Every structure is written in C-alpha cells, then in structure tokens.
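# Summary of the model geometry
Each chain, written out:
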Amino acid sequence: MTQLDTSDAAAETLKGGPRRRRVRMTGRGVPLPLLVPALVGLAFLLLPLIALLVRAPWRSLPSQLTSTEVWQALQLSLFSATAATAVSLVLGVPLAWVLARTEFPGRGFLRALVTLPLVLPPVVGGVALLLALGRNGVVGQWLDSWFGITLPFTTTGVVVAEAFVAMPFLVISVEGTLRAADPRYEEAAQTLGASRFTAFRRVTLPLIAPGIAAGAVLAWARALGEFGATITFAGNFPGRTQTMPLAVYLALQNDPEAAIALSLVLLAVSIAVLAGLRDRWMTTS
Amino acid sequence: MTRSARRTRRTLQVAGAGAAALLALSACSSSDDSSSSKSDSSASASPKMSGTVTVFAAASLQESFTTLGKEFEKANPGTKVTFNFGGSDTLAASITGGAPADVFAAASPKTMAIVTDKKDAVGTPATFVRNQLEIATLPGNPDKVTSLKDLTKSSLKVVLCDKTVPCGAAAQKALTASKLKLTPVSYEADVKSALTKVELKEADAAVVYKTDVHAAGSKVQGVEFPESANAINDYPIVLLKNAPNAVAAKAFIALVQSAEGQKVLSAAGFLKP
Amino acid sequence: MSNLRTTAIEGTDDKGLDAHLIVDRGTFRLDVELTAAPGDVVALLGPNGAGKTTALRALAGLVHLTDGHLRLDGAELDRTPPESRPVGVVFQDYLLFPHLTALDNVGFGPRCQGATKAESRAIAAEWLDRMGLAEHAGAKPRRLSGGQAQRVAVARALATRPRLLLLDEPLAALDARTRLDVRAQLRRHLAEFEAVAVLVTHDPLDAMVLADRLVVIEQGSIVQEGTPADIARHPRTDYIAQLVGLNLYKGRADGHTVTLDTGPVITTTEDLQGEVFVAFPPSAVTLFRDRPTSASARNLWHCEVAGLETHGDQIRVDLTGELPLAADLTTVAAAELDLHQGALVWATVKATQTHSYPA
C-alpha cells in the first residue's frame with residue numbers, strides 16, 4: 001500500500017498536481033554530525049541577508065524605490081536575465097546533448113573548456129567578450145563592417161554577457177541529467193522510426209525536463225546577479241545597459257542606503273521568482 | 001642607543017628634504033592635536049620611527065605612491081609602507097567602518113569629507129596635488145577632437161565616468177559650466193574602466209584624468225580641453241585619528257608634500273596644488 | 001557490386017531474412033549467419049556474453065556491422081540507419097517511454113512514419129485492443145503491471161508493421177506466474193505474425209515454446225542450429241546439454257561401446273563407429289551407497305557428491321569422479337542414501353536409456 005502511495009504522489013508531482021509534498025523526515029531523525037554543520041551552513045548563507053534586512057533604511061525605502069531609474073534597472077534586469085536564459089537554453093541544451101551523447105577525440109577537454117566561464121573572473125570574461133565581439137574584436141569587427149552590428153553598450157550586449165556567464169550552469173546541469181538518463185530510450189525511439197533529432201525532441205527532452213528546468217533556474221539566477229562581465233562588456237547606461245547589480249554597485253559609491261534598498265528589491269524579486277519556479281518545476285525527482 | 005640615534009638622523013634627513021612650507025603645514029596639523037600625548041613626538045625630530053605605515057589612497061595614486069613608499073622605506077630602515085588602493089568612496093567607507101589605517105589620500109574633497117565628518121581625521125586635510133580632466137582619444141586622434149564640445153557630436157561613442165565617482169562628477173561639472181549636453185554610450189563605474197573602453201577601441205573618447213592618460217602610455221592620446229579648467233580636482237591627504245603609527249604616518253605625509261614627492265607626482269601627470 | 005544489387009532488386013520473391021553478422025568488439029568477435037523465411041520464429045539461445053544481444057542490435061542497426069551482410073525481403077540494410085529499417089524491437093525491459101501513455105507509446109511508431117496524430121492514435125487503439133489492453137490506453141507505463149507493459153511493448157513494436165520483429169529476452173523481466181500467461185499470449189501473437197521474428201533468450205523453455213527454430217550461440221559463433229526437438233535430443237555442447245537437462249559426453253564409438261576422451265567407457269544401444277556424442281537424462285542415473293552386486297558391471301562408476309540442489313520435487317545431485325554427471329533422485333531416495341557433499345556413491349545407467357549420435 002505504501003508503495004502505491006508514493007508512486008501516486010510521484011506521478012502527481014510529475015503532472016504538476018499537488019505542489020507540496022509533506023516532509024516525512026523529522027528533526028529527530030537527523031544525526032548530530034549532519035545537523036550541526038547544516039545549521040551553521042544555513043546561518044552562514046542567511047546571515048548576510050538578515051543583516052541587509054536589519055540595516056535597511058525602512059523609513060526612506062518608499063521614496064528610494066519610486067525613482068524611475070530603479071524600475072528601469074529592474075525591468076532591464078528581468079528582461080535580460082530571461083533573454084540570457086532563453087539563449088542559454090537554445091544553445092546550451094544541444095551542447096549538453098553533444099557532450100553527453102557523442103564520442104569524439106578531445107571531448108573531455110572540450111567539457112573543461114565549457115565550464116571555463118565558471119572559474120573566469122566575470123570582469124575578465126567581459127574583457128574577453130570585448131576582444132571577441134567588440135567593435136574592434138576578432139569577430140566583432142566583421143559583425144560591424146558586414147551587418148553594422150555592434151554589441152557593446154547595447155541591451156543585446158547585456159544579454160550576451162549574461163548568457164556567457166550563465167550558460168555553463170545550464171550545460172553542466174543538463175549534461176548531468178542526460179548522463180543519468182538511459183540512452184536506450186533514444187535507441188527505442190529510433191527503432192520505431194524516429195530520427196535522432198525526433199528521438200531527442202519527443203523522448204529525451206521530456207525525460208530530462210526537470211534537469212533542464214533546474215539548469216534554467218540556475219542560469220537565470222546567475223544572469224540576474226551578473227555584474228562584472230556586464231559592466232565591462234555592455235557598459236552602464238540607465239535604461240539600456242544598467243541592470244540592478246550595476247545600479248546597486250554605483251549607488252554604493254555615494255549612497256549606501258540606496259544601495260541597500262536596491263539590493264532588497266532585487267532580493268525580493270528573485271526570491272519570488274525562484275520560489276514560484278521551485279514549486280512548479282523542481283519538486284519532481 | 002646607537003641604533004635609535006641613527007634612526008633619528010635619518011628622520012631628520014627626510015624632514016630636511018621636505019619643503020619648508022609644507023613642513024609648516026604638517027606642524028600645524030600636529031599642533032591641533034597637541035592635547036594628545038602621542039603628538040608630542042610628532043615634531044620632525046622624532047626619535048622613534050619604525051613599524052608599518054598603512055596608507056589608504058585613491059586608485060589614481062597607485063604608481064606615484066608606490067614609488068614614494070619605496071623611497072620612504074629606503075630612507076627609514078625598519079619602516080614599511082603598505083598601501084590599500086581603491087575607489088575613494090570605498091576607502092572612506094572602510095575607514096569610517098573602523099579599518100586600521102594611518103593615512104588617507106582621497107581623489108576628491110567630497111570623499112574626504114566622509115572621513116572628516118565622522119571625526120576620524122586629525123586636523124584639516126591638506127591638498128597635496130590636483131588632477132585635471134583630459135579627453136582620451138584613440139591614438140592619433142582620428143576624430144580630430146579638440147574640445148569638450150567636439151564630443152557632443154552624435155557620431156562619436158563617448159564614455160564618461162558615472163556621476164557617483166569623482167571623475168564623473170568632475171566631467172559633469174565641466175559640462176554644466178560650459179552649458180553642453182553630452183549623452184555618452186556608458187557611464188563607467190571607475191576611471192580605469194572608462195579608459196579601457198578607449199584602449200580597446202570600443203569607444204572613441206573618454207573624459208578621464210590627465211594622470212590616467214599619462215599612465216595609459218601610447219594606447220590612447222590625451223587632448224587637453226579648455227573647459228577642464230572648470231573642474232580641477234583637489235586631492236586631500238590627512239592623518240587619521242586612530243592611526244596605529246602616527247609618527248611614521250606624519251613623516252610619510254611630509255614626504256608626499258616635499259619637493260621630492262611633488263616631483264614624483266608631477267611625473268605621473270598631477271598638477272601642483 | 002552492381003551485380004549483387006541487381007540480384008537483390010530482382011529477387012523480390014527472395015523474401016525473409018538473409019544475414020551474415022560480423023561485429024568486432026575489441027577481442028570479442030561475433031560471426032553469425034542467420035536466414036529465415038517470413039513466418040519463421042527463430043530463437044537465439046546462448047549463455048550470457050555469447051553475443052546474442054549484439055546480434056540483435058546489429059539486426060536493428062544499433063550496432064554497425066564490421067563485415068558481412070544483411071538483407072531483408074531482398075533489400076540491403078547494412079548501411080540503413082535504424083529509423084529507416086522495417087524492424088521492430090521489443091527490448092528486455094521494454095523501454096516504454098515513461099512520459100507517454102500506453103496509447104501514445106504504441107502510436108509513437110506510426111506517428112514517426114508520417115501518420116497524423118489522430119491516425120496514429122487509431123492504429124494504437126486497435127493494437128491495444130488486440131492485446132486486450134483497451135482499458136489501459138490512458139495509463140502511463142509506471143501504472144502498468146509487468147505483463148501489461150510487456151504487451152504494450154509488443155504492440156508498440158508491431159504497430160510499425162515491421163518485416164522483422166526482434167525480441168530481447170521478452171519474458172525475463174516477469175515473475176514465474178505472469179510468465180506462463182504472457183508466454184502463451186506471445187506465442188499466439190508470434191504465430192499470427194506474417195514476417196520474420198527473431199528472439200533472444202537464455203531460457204530454453206521460452207525458446208522451445210516460442211520458436212520454430214533454435215540457433216545456439218556460444219562465444220560469438222553458432223554452435224548448433226535446428227528445431228527445438230532436434231536440439232533437445234541431440235545437444236552438441238555442454239551448455240546445450242545442461243540447458244535441456246542431459247548428461248552429454250563426446251567419445252569414439254566402436255559398436256556398442258563408446259570410449260570417452262577422458263577414459264571411461266559407456267555402453268550404448270546404438271551401433272556406431274567413430275566420433276560420437278552420448279547423452280542420457282539425469283533421471284536415468286541410479287545411485288547406490290555400496291557397490292551393487294546384482295547390477296552388471298557395465299556403466300558403473302564410482303563418484304563423489306559435489307553438490308545437491310532441489311529441482312521441483314526432485315533433488316539434482318552433482319557428481320564428480322570417474323565420470324562427472326548429474327543425477328535426479330526423489331527426496332525420499334536422497335534421504336535414504338544419506339547424501340551429503342563429499343559422500344561417495346556408485347552410479348549406474350542402463351544402456352537402453354543412453355542415446356548416441358555421430359558428432
């Protein structure tokens with residue numbers, strides 16, 4: 001009976017039915033060597049956020065937040081993080097598939113290269129993007145002379161910078177899910193007449209959807225907080241390339257209270273979005 | 001005893017090298033603080049000079065102060081000068097937050113005011129150099145920029161510093177004074193980023209400090225512009241109240257203000273106060 | 001080359017499967033020739049690692065042939081990708097797509113072949129109906145029992161109207177009870193199937209019930225081929241003999257006596273000359289604790305009990321010694337003999353219960 005119960009619950013969460021699953025493990029069951037570091041870890045992660053709340057200029061907050069620059073920056077942040085996530089999905093999921101499902105010499109090396117933007121200081125990433133896609137960059141000069149496209153100092157540039165930094169998170173997450181998924185489902189689809197692409201689209205993609213969702217959320221969160229690569233590659237212009245983290249950083253220069261207020265807005269919005277997505281997408285598995 | 005005597009002589013040498021007028025200034029600031037027991041030894045003939053001097057200085061001072069620090073250490077064996085270079089605002093914030101520093105050299109009176117307003121400084125800050133704005137253009141000045149007005153041409157991609165940082169505030173002041181309206185492609189977070197954009201040829205011009213143009217060497221070309229007279233930036237320096245090594249700190253300030261110090265600073269493109 | 005192809009196209013009456021599968025995998029080499037007429041059910045039987053599944057995957061196109069050929073109904077398939085082969089596969093653990101209902105699983109193939117969503121669903125519904133699964137059409141695979149899932153897998157493979165149906169251990173994932181039912185049903189479906197079916201199994205019973213012809217593979221090569229009855233009666237390797245429950249020996253016959261390569265002599269009913277196999281079932285063996293005085297001295301060996309194993313209501317005794325053999329006793333007899341590991345016994349077999357045939 002219990003077995004039936006759990007499979008029902010799992011089936012329902014897959015369908016996106018009841019969203020909350022009751023946590024069955026009680027505090028009593030957590031061994032001390034796990035509980036103590038877990039609590040310390042939690043405190044370590046939450047303490048700076050709590051400090052932000054404690055020191056927030058609550059009284060002047062409403063006036064801080066009514067400025068159009070704040071809303072512009074917030075809008076731009078949400079738009080560009082979402083666009084960067086979309087770019088990461090379109091390019092990153094196929095890349096993850098190639099890394100997980102094909103064999104070719106130097107694949108391990110390539111995989112390491114893909115994760116490079118994770119260890120690269122974002123500012124260096126921004127400089128690298130300028131050297132590649134800037135007006136005078138290796139590829140950028142052709143974009144400029146052939147199509148009249150220049151990416152730096154544009155909103156597109158913001159999206160490019162954010163995607164550069166965020167995509168590895170998606171690729172790693174999706175590749176991991178793909179490796180864990182049984183490749184024989186793709187074979188089964190092929191024997192039923194599906195081309196490799198159809199097999200990917202109609203079988204693999206739905207199977208790894210939770211992994212893709214998790215990766216997309218990670219990428220989105222990373223893109224939303226992106227600072228270094230963005231300010232280096234796209235510059236800082238209100239309404240066009242000034243995202244929330246840039247606004248926060250610049251506010252910090254001469255008005256720390258405003259910076260805290262802006263940080264709170266960014267924090268509140270990200271928590272709302274992430275919590276919403278987590279409930280909807282990430283309860284599976 | 002011989003050691004301490006020798007040290008004293010060295011100190012005297014350094015003090016002697018300093019310009020008399022500046023010495024007077026330094027003495028003046030110390031006399032303000034005469035109530036404190038520490039400052040008794042603040043006279044140039046101080047016998048005890050050793051340990052570390054911690055200097056918080058604006059990023060634009062990095063090269064010249066590093067040179068001066070080495071000279072100071074050479075002239076005063078047993079001392080060590082450590083620097084913390086950064087944005088003046090950030091530095092001011094960490095000083096008021098309790099960072100253990102001896103000297104603060106800021107890129108603008110406004111940022112210095114953050115520290116003096118909190119009564120973290122000893123005496124009145126002294127202006128030791130001034131920095132003038134300059135236009136950094138691509139090498140060879142292909143766009144024939146000669147004035148601030150030229151930058152308002154829409155075909156040019158210009159980057160300014162953000163208004164929240166000193167170079168941006170100064171540029172804004174110059175623009176306002178000359179009744180010009182300039183829309184840049186970006187308000188950069190600091191002067192180095194603005195300069196980098198020109199160095200990488202992403203922007204055609206940037207309004208930065210003379211010293212920054214100087215430091216960038218041949219990668220950019222500096223263009224002096226008449227409107228910059230309206231926005232000359234004073235760099236104040238001050239001894240901090242909670243200085244762990246006030247004696248040596250004062251000597252370092254004296255060195256900065258001395259003829260020798262000024263020579264190093266002018267070589268980097270700074271103007272005399 | 002062109003000559004070959006012309007023959008292939010002209011020979012449209014050349015129906016069925018004609019394959020020579022050669023696959024190199026490191027030190028392992030599969031080299032198997034398979035032919036079958038439409039309507040045939042061929043079982044590939046063999047121990048683990050013999051290459052059965054590799055052969056199946058090569059037929060499906062999931063493994064490239066190193067050499068050899070593959071023709072189905074006269075068409076060359078060597079270089080055809082799996083999705084373009086008229087081949088249906090029932091995988092060992094079925095591999096039903098977990099995110100699709102039974103109906104959409106079965107409709108997947110027709111849909112890939114170009115049917116509209118409605119058409120493919122109609123086809124799928126018909127197949128599920130034929131399998132007696134109409135009321136489970138909307139169920140996801142995780143809700144299906146093992147037997148139901150197996151039938152959905154068969155329906156999914158058949159819905160593409162394959163000219164070659166491949167089944168990989170189709171009953172291995174089922175418990176003994178379900179297995180009986182499903183085996184009978186599968187047998188019916190295979191009998192109705194008009195094209196070639198090849199199934200892989202390591203279970204001789206499945207092979208014998210489901211297939212018209214057995215192909216036994218060991219270490220990548222065919223060791224024996226024939227009807228189930230033929231193979232059961234005349235096993236040619238230890239593996240097959242064990243599989244069909246026979247003691248099997250190879251030796252040189254001279255009239256009614258066969259001298260085994262290892263020394264012992266077996267008296268047989270058949271009168272043969274030269275290389276032969278001798279086989280007898282474990283039930284033909286009688287054991288004694290003391291040397292039987294009444295029995296003729298022929299076919300009497302002194303052995304040691306190496307192991308005991310319950311086998312239905314019988315006990316299978318594994319013997320070593322002069323002649324390694326298996327003997328089946330009733331539990332009562334085993335108890336009376338006080339058999340245990342290491343016990344010494346005398347084993348006899350009547351000549352009339354042995355069976356010998358040329359090697």
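As the structure is a computational prediction, the values presented were derived from the model and not from experiment.

Sites flagged by UniProt as "domain: ABC transmembrane type-1" (unreviewed entry) map to residues 74–275 of chain A. The straight-line gap between the two end C-alpha atoms of residues 74–275 of chain A is 18 Å; of that span, 80% is helix and 0% is strand.

Bringing the interface of chain A and chain B into the picture now. Taken residue by residue, the interface counts 16 residues in chain A and 15 residues in chain B. Put simply, the parts of the chain that give the side of chain A that touches chain B at least two residues each are α13 (228–234) and α14 (244–254) of chain A. For the side of chain A that touches chain B, the leading source of residues is α14(A), giving four residues. Of the residues assigned to the side of chain A that touches chain B, the class counts are seven nonpolar, eight polar and one charged.

All right, on to the interface of chain C and chain A then. Every contact between the two is made by 19 residues of chain C and, on the other side, 16 residues of chain A. Looking at the side of chain C that touches chain A, the elements with two or more residues in it are β6 (87–90) and α3 (102–112) of chain C. Split into classes, the residues belonging to the side of chain C that touches chain A amount to 10 nonpolar, five polar and four charged.

Let us now look at the UniProt feature "transmembrane region" (unreviewed entry) in chain A. Residues and elements named next belong to chain A. UniProt annotation of "transmembrane region" (unreviewed entry) refers to residues 29–54, 74–100, 112–134, 146–174, 203–221 and 258–277 when read in the numbering used here. Annotated as 76% helix and 0% strand, the span residues 146–174 places its first and last C-alpha atoms 35 Å apart. Annotated as 95% helix and 0% strand, the span residues 203–221 places its first and last C-alpha atoms 28 Å apart.

Our focus in this paragraph is the pairing of strand β1 (residues 17–25) of chain C. All names here are of chain C. Alignment of β1 against strand β2 (residues 28–36), held across nine bridges, turns out to be antiparallel. The residue bridging aspartate 24 from the neighbouring strand is arginine 29, located in β2. Hairpin remark: β1 followed by β2, antiparallel, with two residues in the connecting loop; positive phi at glycine 26, about 65°. Sheet analysis places β1 next to strand β4 (residues 67–72), joined by six bridges and oriented antiparallel. Along β4, the bridge assignment pairs leucine 17 with leucine 72.

Residues and elements named next belong to chain B. The five strands are arranged β2-β1-β3-β10-β4 in an open sheet whose pairing can be described as mixed. Two strands close off the open sheet at either side, each with one partner strand: β2 (79–86) and β4 (121–131). Mean inter-strand twist for the sheet, computed between neighbouring axes without regard to direction, equals 20°.

For any two helices packed against each other, one specifies the crossing angle of their axes together with the interaxial distance. All names here are of chain C. Where helix α5 (residues 146–158) contacts helix α6 (residues 176–192), the axes come no closer than 10 Å and their chain directions differ by 15°. Considering their axes alone, α5 and α6 lie roughly parallel with respect to each other. When the axes of α5 and α6 are compared, the crossing they make is right-handed. Here Gly146, Gly147, Gln150 and Val154 of α5 come into contact with α6, specifically with Thr178, Asp181, Val182, Leu186 and His189. Looking at the contact of α5 with α6, its residues break down into three nonpolar, five polar and one charged.

Turning our eyes to something else, we now look at the environment of A:Val158. Residues and elements named next belong to chain A. Locating valine 158 in the fold gives a position in helix α9 (residues 155–180). Since 31 C-beta atoms lie within 10 Å of it, valine 158 is described here as buried. Every residue in contact with valine 158, bar those within four places of it in the chain, is listed here: Ser80, Thr230, Ala234, Thr241 and Thr243.

Let us look at helix α9 (residues 246–257) of chain B. Residue and element names in this part refer to chain B. With 12 residues, α9 should reach 16 Å at 1.5 Å per residue; the first-to-last C-alpha distance of 16 Å fits that figure. With 12 of 12 residues buried, α9 lies mostly within the body of the structure. Restricting attention to buried positions, one finds in α9 the residues Ala246, Val247, Ala248, Ala249, Lys250, Ala251, Phe252, Ile253, Ala254, Leu255, Val256 and Gln257.

What counts, and where the lines are drawn
Residues numbered from 1 in each chain as written. Chains lettered and ligands numbered in written order. Predicted model: local features only at pLDDT ≥ 70, side-chain atom pairs only at ≥ 80, totals over all residues. UniProt positions renumbered as here; feature names shortened; annotations may be inferred. Helix = DSSP H or I, 4+ residues; strand = E, 2+ residues; numbered from the N terminus. Contact = placed C-beta atoms within 7 Å. Nonpolar A, V, L, I, M, F, W, Y, C, P; charged D, E, K, R; others polar. Pairing = 2+ DSSP bridges. Axes fitted to C-alpha atoms, helices over the stretch in contact; angles between N-to-C directions. Parallel < 35°, antiparallel > 145°, perpendicular 65-115°, else oblique. Left-handed = near helix turned anticlockwise from the far one by under 90°. Buried ≥ 20, exposed ≤ 12 C-beta atoms within 10 Å, placed from the backbone. Expected span 1.5 Å × (residues − 1).

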